[in-house]
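Architecture at a glance
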Amino acid sequence: MGHLIAKTAHPLRTAMLRAAASFAAVLLLFGSVLAVDADARDAFLGWMEERFDTYISFSASGKTHNSAQAEYSLGWVPEGYRFEEILDETDGQSILYVNDNGDIFCFSYLFASTNSNLYLFFLDEYETNDVSVNGMPGTLYLSHDKAECAELIWQDTDGTLFEIGGKWEEAELLYAAENIQKK
């Protein structure tokens, strides 16, 4: 019995067991923080939002798991708006629509990579509302100046960042967002 106790109490074996237990504890703690804290999860897996005086910056914190970069289109555009042009970005597209008054409506999507950035500029103060787009959390940015556009930002499970902006009401922005289609 003494020989068995001496064998299991070997310093190398004890050190390896302690290291394995420490690693498991750190892994468990880190995993539980990512599971509970949405901000920590976004910082680790998706897009990071930074707010400044006159603009908001979204930057990809790293490549996510979207292996096939799909193209997207709007399944619904408000009456009076017509397609204007597609602007190809390095990691996505911006699709512009315009009405007879010259009001522009923009739909953009970006895939997460080290060069992906999106900027929202506000000349006036704005407020934010948390919203849900097909079960995914998003943020609606509303300017206090009604002459400025409202912006809706959210990301899907693959880490693709979507933005819809225009002089629309919240309900119209959400309806357009919920009707996005993969091509």
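A brief look at the structure comes next.

Calculation notes
- Residues numbered from 1 in each chain as written.
- Predicted model: local features only at pLDDT ≥ 70, side-chain atom pairs only at ≥ 80, totals over all residues.
- Heavy atoms only, no water.
- Helix = DSSP H or I, 4+ residues; strand = E, 2+ residues; numbered from the N terminus.
- Buried < 20%, exposed > 50% of the residue type's maximum accessible area, 1.4 Å probe, protein only.
- Contact = heavy atoms within 4.5 Å.
- Pairing = 2+ DSSP bridges.
- Arc of directions from axis to C-beta.
- Core = buried A, V, L, I, M, F, W, Y, C linked by side-chain atoms within 4.5 Å.
- Phe/Tyr/Trp six-rings, centres within 6.5 Å; stacked < 30°, edge-to-face > 60°.
- Salt bridge = Lys/Arg side-chain N within 4 Å of Asp/Glu carboxyl O.
- Axes fitted to C-alpha atoms, helices over the stretch in contact; angles between N-to-C directions.

**Digging into the overall build of the chain**
On a plain count of helices and strands, the chain comes out with 4 helices and 12 strands. When the 183 residues of the chain are sorted by exposure, 38% land in the buried category. Across the chain, every contact between residues at least 6 apart in sequence was considered, and the portion connecting residues at least 24 apart equals 45%.

**Remarks on the pairing of strand S4 (residues 82-89)**
By the bridge criterion, 7 bridges tie S4 to strand S5 (residues 92-98) in an arrangement that is antiparallel. Each residue of the ladder has a partner; that of arginine 82, found in S5, is valine 98. Here S4 folds back onto S5 in antiparallel fashion, the turn holding 2 residues.

**Observations concerning the pairing of strand S10 (residues 150-155)**
For S10, the buried fraction is high: 6 of the 6 residues fall into the buried class. Neither face of S10 is exposed, since Ala150, Leu152 and Trp154 on one face and Glu151, Ile153 and Gln155 on the opposite face are all buried. Linking strand S9 (residues 136-143) back to S10 in an antiparallel pair, the connection comprises 6 residues. Relative to strand S11 (residues 161-166), S10 is paired through 6 bridges, and the arrangement is antiparallel.

**Thoughts on helix H4 (residues 170-178)**
Taken together, the buried positions of H4 are Leu173, Leu174, Ala176 and Ala177. Viewed end-on, H4 has its buried residues packed into an arc of 160°, placing them on one side of the element.

**Thoughts on the nonpolar core**
Nonpolar side chains tend toward joint burial in soluble globular proteins. By size, the foremost hydrophobic cluster in this structure holds 24 residues, and its most contacted members are Phe107, Leu152 and Ile164. Of all the secondary structure elements, the ones that give two or more residues to this core are strand S3 (72-74), S5, strand S6 (104-110), strand S8 (126-133), S10, S11 and H4. With 4 residues, the single largest contributor to this core is H4. Residue contacts for phenylalanine 107: discarding those within four places in its chain leaves Tyr72, Ser73, Leu74, Gln93, Ser94, Ile95, Phe162, Glu163, Ile164 and Ile180. Leu110, Ala112, Tyr141 and Leu161 belong to the second largest nonpolar core, which has 7 residues in total.

**Topic: the packing of aromatic side chains**
The final tally for this structure, using the stated rule, is 14 aromatic pairs. An angle of 75° between the planes, with centres 5.1 Å apart, marks the rings of tyrosine 72 and tyrosine 109 as edge-to-face. On the criterion of sequence distance, the pair formed by tyrosine 72 in strand S3 and tyrosine 109 in strand S6 is long-range, its members being 37 residues apart. The class for tyrosine 72 is buried, based on a relative accessible area of 6%. What makes tyrosine 109 buried here is its relative accessible area of 1%. An aromatic cluster is built from Trp76, Tyr81, Phe83, Tyr97, Phe105, Trp168 and Tyr175, whose rings are joined through pairwise contacts.

**Remarks on the pattern of salt bridges**
Taken as a whole, this structure holds 3 salt bridges when the rule is applied. The shortest N-O distance in the salt bridge between glutamate 71 and lysine 183 comes to 3.9 Å. Residue glutamate 71 is located in the loop between strand S2 (55-60) and S3, and its partner lysine 183 is located in the segment after strand S12 (180-182); the two are separated by 112 residues in the primary sequence. Residue aspartate 100 pairs with arginine 82 through a salt bridge whose shortest N-O separation is 3.2 Å.

**Here's the deal with the sheet that holds S9**
The strand order across the open sheet built from 7 strands is S4-S5-S6-S11-S10-S9-S8, with neighbouring strands paired in antiparallel fashion. Looking at strand neighbours, the two that pair on one side only are S4 and S8, the edges of this open sheet. When strand polarity is set aside, the average angle formed by the axes of neighbouring strands in this sheet is 15°. Pairing of S8 with S9 involves 8 bridges; the strand directions are antiparallel. When the sheet's bridge partners are listed, glutamate 127 is paired in S9 with leucine 142.

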